[in-house]
Structures are given as structure tokens and as C-alpha cells.
Amino acid sequence: MPPGPSPERPVPSAQDAALPAELATAARALFGDRLDLAAGYAELLATDGVVRGLIGPREAPRIWDRHLLNCAAVAERIPESASVIDVGSGAGLPGLVLAIARPDLTVILVEPLARRTSFLVEAVERLGLARTVRVFRGRADEAATGANGVGPFTADVVTARAVAPLDRLATWSLPLVAPGGRLIALKGASAADEVAEHAEAVAKVGGSEPAVRLCGADILDPPTTVVEIVRERVVRPPVAKKAPKRSRGGRKRAR
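Remember, predicted model here, so these are calculated numbers, not experimental data.

A. Structural view of unusual backbone geometry. Cis geometry is adopted by the peptide bond preceding proline 94, which originates at leucine 93 and carries an omega value of 5°. Tracing the backbone through its elements, the reader meets proline 94 in the loop between strand S1 (83-87) and helix H4 (95-101). For the bond from aspartate 221 to proline 222, the omega torsion is 5°, close enough to zero to count as cis. Along the chain, proline 222 turns up in the loop between strand S6 (211-215) and strand S7 (224-230). The phi dihedral of serine 81 falls on the positive side, at around 60°, and the residue is not glycine. Checked against the element boundaries, serine 81 lands in the loop between helix H3 (63-72) and S1. Judged by its relative accessible area of 52%, serine 81 is exposed. A positive phi angle is found at alanine 162, which is not glycine, with a value near 55°. Summarising the element assignment, alanine 162 is placed in the loop between strand S4 (155-161) and helix H7 (166-173). Given the relative accessible area of 77%, alanine 162 is considered exposed.

B. Broad picture of the environment of valine 74. By the secondary structure assignment, valine 74 is in the loop between H3 and S1. Considered as a pair, valine 74 and isoleucine 184 are 110 residues apart in the sequence and their alpha carbons are 8.4 Å apart. Setting aside residues no more than four positions away along its own chain, valine 74 makes contact with Leu98, Ile184, Leu186, Cys215, Thr224 and Val226.

About the criteria used
- Within every chain, residues take consecutive numbers counted from 1 along the sequence as written.
- Two thresholds apply to this predicted model, a pLDDT of at least 70 for residue-level local features and 80 or more for giving and counting side-chain atom pairs, whereas whole-chain, interface and lining totals are computed over all residues.
- The basis for every side-chain value is the complete set of heavy atoms in the structure, and neither hydrogens nor water enter the calculation.
- Each helix is a run of H or I in the DSSP string that is no shorter than four residues. Each strand is a run of E no shorter than two, and both are numbered from the N terminus.
- With a 1.4 Å probe rolled over the protein chains alone, any residue whose accessible area is under 20% of its type maximum counts as buried; one over 50% counts as exposed, and the rest are partly exposed.
- Whether two residues are in contact is decided by their heavy atoms: any pair within 4.5 Å suffices.

Written as C-alpha cells, this is what we have:
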């Protein structure tokens, strides 16, 4: 029996990016006089972001509460004029949002996939953020050690959202954090469980005891949950031992 027609996908529309009236107060509190810039980014996500597969079509109507405001609330945990590296930036969440909300920050968006970095480069240009934001195509370890003549990078704060469990995330990201700086990982309801499960692994790579924080508690319902880890020690990866050289000579021949 031939398959029936596939269901039509929703057509991306800039209207999906409209700021809901009930979120206007929170949006003004988080973005201030750069709210129009945030609205421009929301439109990019709802149109190009959907077409290019960076966010799902059903996410478009929830861009403000689920993505923009959720990410912007993290700005309260970042010091003034800090440098920020956003690992696994994807469509720019939270890195681009933080750059919009906080013009005092310098931000590097780290993303390995070409189609995503293309979108990020275009978004940075269209939003006029090239002075404070740059895009690095590569993995976190490549950003930390340098690749193709670019880097290595470190920053006061490293951010990540929906990248990996805390043990792997700390292993990849802490080398990008300047000593004494912080990794801020956006997590959901599982934050406390991840901390309990992975605290020992985090310590092994030089991180402090992870701390769960709530951001935007007086503005958002629910607030944004993050896990913060301070880079207390620089831990170098173990160097593989070289195999001993084999002697060129064999056994002596019997006479």
C-alpha cells in the first residue's frame, strides 16, 4: 500500500518571533535598550533558524520564554567586562543572547558544524555584533589548544547549554576557563542529580565543587537553573608513555 502524503511542515514566519505581551516586562528588564536587537535575533531564529534546521518549527512560537529570556537571565552571573566562550553554541544559545544583553562582554562562539557556524557568522554581521563577537569553528579541545592557526583561547567565563553531562562537559570546557574563572552550564531539573553524580569527576579535572544557582528568580517563572564550577587547578592531560625501543641486535649465534 503506497504511503500517504507526508504532513506539511509549518512555514516559518517572522510573526512567530513576536514578543508575547505577558513577557514584555521580563524582556525589558533583561535586555534594556537592546530589546530591539533581541527582537531581531528572535526573528532570525524563527525564520532562517527553522529553515536551516537549527531549531525545530514547533520551537518558534516559544523563542522568547524557552530560549531568549532563559539565556539572558544568566548574564547576572557574569562579571562586568568579562570575556566569554560559549561551547557548542549551535544557533547562538546562550552566547549570542548574552552578547546582545551585555554589550560590555566579549564573546567567542565555539561550534564544530559548518551549517551552524555559517548561520552564526551571518547573524553576528546582521545584528551588528562583529566588534564584540567572533565565531570559531571547531570543538572545545581545538579551541583550547588552537587549530588551523587560530587560538588557543581562554576566557573568564565559559558557558554551555544542552551540550553534555557535567563530567564530560567539565573535561572539555575547563581547559578554556582561565584559572579562577567559571564554567556556567545551563541545566534543567536534573541539575542537582548531575552534581551529585559527577562532582568527583569534576574535581579530577581541576574544578571546584559544583554549585546550583537560580538566575532571574525575581523575573522569570521558572527561573533559569545553572551549575557553576570554578577552575581551581590546572590539570594537564596525561602524556602517553613511549614504547621502549627494540634492540636492533638479535640473539648471538652459537659458534
